[in-house]
Amino acid sequence: MPIRYYSTNRHVKQAAGITPFTGSVSFREALLAGQSPDEGLFVPDAIPRLSMKDVVALRDQPYWQAALLVARAFLSEEFSFEVLEAIVKDAYNFPVPLEAVYPRAFVLRLDQGPTASFKDFAARMMARLMSHCRPEGERLNILVATSGDTGSAVGEAYKGVDGIDVTILYPADEVSLMQKKQLDTIGGNVRAMCVDGKFDDCQNLVKEAFADKDLARFNLSSANSINFGRILPQIVYYVYAYAQLAGAGEEVVVSVPSGNFGNALGCEYARRMGLPVAKLIMPTNENDEFPAFLETGTYTKVSPSRACISNAMNVGHPSNLARFFELYGGTVDRTGRVHRYPDLEEMRRRIFSVSVSDGETRQTIKSVYERYRVVLEQHGAVGWAGLAAYQKKTGDTRLAICLETAHPAKFPDEIKNLLGIDPEPPESMKDLAGREGSAINLSRDFASFKTYLQAHLKIKK
Ligand SMILES: *Cc1c(COP(=O)(O)O)cnc(C)c1O
């Protein structure tokens, strides 16, 4: 039986102002729709199991083999083996290093993709799945509003992908020069639009476009982070890392620096697929709504979110919390309102969370470099600090894997200040200065955006 996907809001009472979507959809439908009509998140009705034999057989195999194993477990009823194999081989053509910090503690570096952040892993696979799923003979037009990193990861991921065009809107004054360069120079089927306004203006333009009847014929689609098509690829690297490091059936602990919880959710699914993850450690920065919830049992979002140096994690109400609650028997909606609380004791048994301050983050970058000569940037350092806090509290000495989610060379000033070194950029960032390309400038009013789209978007392949 193919896996079906239903909404995290399906049990919500009408009286709460949400009309719950009580049906279910296929993976393809979930992928193209992005989110459920009731603004809930799509979740699978069953989680497939992996056999330990298949997992350990991945040792010393290329990364795409792990991706194929996970993709087949979820998708084999909807995609042929050949299609999935072609997709993962094409998506994962870069290294995935595991760096030993001390015996039995490793950093999994997810920073070698085209935009040097872990978001490349999900975006590249999702782009190829979407290309395969689009309506026959037609093009898909992806619209993304970005405040920086997500846009370039999505843009690079869809670059050259058959039958899909991407339009990225970013706020003129809220992206760094390096981010602007990354966005403006992707080229090909990816166009960048520099909006005279803030991130919210970009988001509003995209929202209005989706709601506009005249634009409906352009097959508009989103590539947002709540799409289940972005969660699935994030299961893979846990399986891959486990296979490289652990003995068959050995228990491990995994630390995932967390913002919107999509990355950590991948680990939660990997565990439920049978990976022996004894504890999932989910450190946050000073946006401490989740560790506070685990401690007190009451959930209160942080609003507005707090600005920390691990800026990709400045989230006061994680979008994927709805999926975590669901997995533990609870319901929370998009606004942060809890309709039913999850099993708190079970969550505490499986998950450890702690809030890491900017001061502790910087101290961690320094001490890890001084003690081990391992360079972490601020997101990975939150992960490491969380792991250290967990080990100190529990004395747990099991094999530990900590994720590094971005490359230190993306934050040269912070690293230079703390460590006095210039981190060596990865291949993908080396030629950035010499790249050509420019953005289309746009005012923040919808009429001119619409006129532009009507003149430039294509429908037929
Ligand atoms: C997006 C991001 C995170 C947070 O990941 P979530 O899946 O949102 O929890 C952490 N680090 C970096 C570098 C990111 O870009």
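Above this note sits the structure.
Just so you know, these numbers come straight off a predicted model, no measurement behind them.

Reading guide: rules and limits
Residues numbered from 1 in each chain as written. Predicted model: local features only at pLDDT ≥ 70, side-chain atom pairs only at ≥ 80, totals over all residues. Heavy atoms only, no water. Phe/Tyr/Trp six-rings, centres within 6.5 Å; stacked < 30°, edge-to-face > 60°. Helix = DSSP H or I, 4+ residues; strand = E, 2+ residues; numbered from the N terminus. Buried < 20%, exposed > 50% of the residue type's maximum accessible area, 1.4 Å probe, protein only. Lys NZ or Arg CZ within 6 Å of the ring centre and 35° of its normal. Pairing = 2+ DSSP bridges. Right-handed = clockwise from strand over helix to strand, strands pointing away. Contact = heavy atoms within 4.5 Å. Axes fitted to C-alpha atoms, helices over the stretch in contact; angles between N-to-C directions. Near = heavy atom within 4 Å. Polar contact = N/O pair within 3.5 Å; in protein donor to acceptor, adjacent residues only side chain to side chain. Areas by Shrake-Rupley, 256 points an atom, 1.4 Å probe, with all protein chains shown as cover. Nonpolar A, V, L, I, M, F, W, Y, C, P; charged D, E, K, R; others polar. 1 Å grid on protein atoms, 1.4 Å probe; cavity = no way out; pocket = protein on both sides within 12 Å on 5 of 7 lines; lining within 4 Å. Points joined across faces, edges and corners; volume = space filled by probe spheres on them. Core = buried A, V, L, I, M, F, W, Y, C linked by side-chain atoms within 4.5 Å.

*Asks:* What am I meant to see in the packing of aromatic side chains here?
*Replies:* Evaluated as defined, the whole model comprises 26 aromatic pairs. For the ring pair Phe 121 and Tyr 237, a centre distance of 5.3 Å and an interplane angle of 80 degrees mean the geometry is edge-to-face. Highlighted residues: Phe 121 in helix α5 (residues 119-133) and Tyr 237 in helix α10 (residues 233-245), separated in sequence by 116 residues. Of the two residues, Phe 121 and Tyr 237, neither departs from the other in class, the shared state being buried. With a centroid separation of 5.3 Å and 35 degrees between ring planes, the pair formed by Phe 293 and Phe 325 is classed as tilted. Separated by 32 residues along the polypeptide, Phe 293 in helix α12 (residues 289-296) and Phe 325 in helix α13 (residues 321-327) bring together distant segments of the chain. Overall, Phe 293 belongs to the buried group, its relative accessible area being 1%. For Phe 325, a relative accessible area of 0% puts it in the buried group. Above the plane of the ring of Tyr 328 lies Arg 272, whose end atom (NZ or CZ) is 4.9 Å from the centre.

*Asks:* Sorry, what's going on with the pairing of strand β8 (residues 190-195) here?
*Replies:* Burial analysis of β8 places five of its six residues in the buried class, which makes it a mostly covered element. Pairing geometry for strand β7 (residues 164-171) and β8, over six bridges, is parallel. By the bridge assignment for β8, Val 166 is matched with Val 190. As a crossover connection, the stretch from β7 through helix α7 (residues 177-184) into β8 is right-handed. Bridge count between β8 and strand β16 (residues 440-442): three bridges; the pairing is parallel.

*Asks:* Honestly, the sheet that holds strand β15 (residues 399-404) in this entry has me stumped. Any pointers?
*Replies:* Where strands meet in a sheet, backbone hydrogen bonds hold them as pairs that are either parallel or antiparallel. Spatially, six strands are ordered β4-β5-β15-β10-β11-β14 in an open sheet, and the strand pairing comes out mixed. One side of each edge strand has no neighbouring strand; the edge strands of this open sheet are β4 (98-102) and β14 (351-352). With five bridges connecting them, strand β5 (residues 105-109) and β15 associate as parallel partners. The residue bridging Val 107 from the neighbouring strand is Cys 402, located in β15. Across the sheet, helix α11 (residues 262-272) lies against β10 (252-255), β11 (277-281), β14 and β15, angled at about 165 degrees from β11, the strand it touches most.

*Asks:* Can you walk me through the environment of Phe 352 in this structure?
*Replies:* When you line up the elements, Phe 352 lands in strand β14. Counting along the chain gives 71 residues from Phe 352 to Ile 281, while the straight-line C-alpha distance between them is 4.7 Å. Apart from the residues lying within four places of it in its own chain, the contact partners of Phe 352 are Lys 279, Leu 280, Ile 281, Met 282, Leu 294, Gly 386, Ala 389, Tyr 390 and Lys 393.

*Asks:* Could you clarify how one ought to interpret the site of the ligand in this entry?
*Replies:* In the region of the ligand, 13 residues are neighbours, and Lys 119, Gly 259, Asn 260, Phe 261 and Thr 405 sit closest. Gly 262 is positioned with one of its backbone polar atoms (N or O) 3.1 Å from an oxygen atom of the ligand. Protein chains shield 95% of the accessible area of the ligand, which is 380 Å² for the free molecule. When the residues that make up the shell around the ligand are grouped by side-chain class, the tally is five nonpolar, seven polar and one charged.

*Asks:* I keep staring at the layout of surface pockets and nothing clicks. Help me out?
*Replies:* Here the idea is plain: a probe the size of a water molecule rolls over the atoms and shows the empty space left. Estimated volume of the second largest pocket: approximately 370 Å³. Residue lining of the second largest pocket: 18 residues in total, with Trp 384, Ala 385, Leu 387, Ala 388 and Ala 389 positioned closest to the centre. Of all the secondary-structure elements, those providing two or more residues to the lining of the second largest pocket are α15 (358-372) and α16 (378-394). The dominant element in the lining of the second largest pocket, judged by the number of residues it contributes, is α16, at eight residues. Classifying every residue of the lining of the second largest pocket gives ten nonpolar, five polar and three charged.

*Asks:* Is there a simple way to explain the nonpolar core in this structure?
*Replies:* Nonpolar side chains in soluble globular proteins tend to be buried together. If you look at the biggest cluster of nonpolar residues, it comprises 106 residues, and the most contacted ones within it are Phe 74, Tyr 92, Tyr 158 and Phe 324. Considering each element in turn, this core owes the most residues, ten residues, to helix α3 (residues 63-75). Look past the residues within four positions of Tyr 158 in its chain and what remains in contact with it is Met 126, Ala 127, Met 130, Ile 142, Ile 164, Val 166, Asn 189, Val 190 and Ala 223.

*Asks:* Looking at this structure, I do not really get the side chain of Gln 378. What am I missing?
*Replies:* Structurally, Gln 378 is set in helix α16. A residue is classified by how much of its surface remains accessible, and Gln 378, at 3% relative accessible area, is buried. Reaching out from Gln 378, the side chain makes a polar contact with the backbone oxygen of Ile 309 at a distance of 3.2 Å. Leaving out residues up to four positions away in the same chain, Gln 378 has contacts with Ile 309, Ser 310, Thr 361, Ile 365, Phe 411 and Glu 414.

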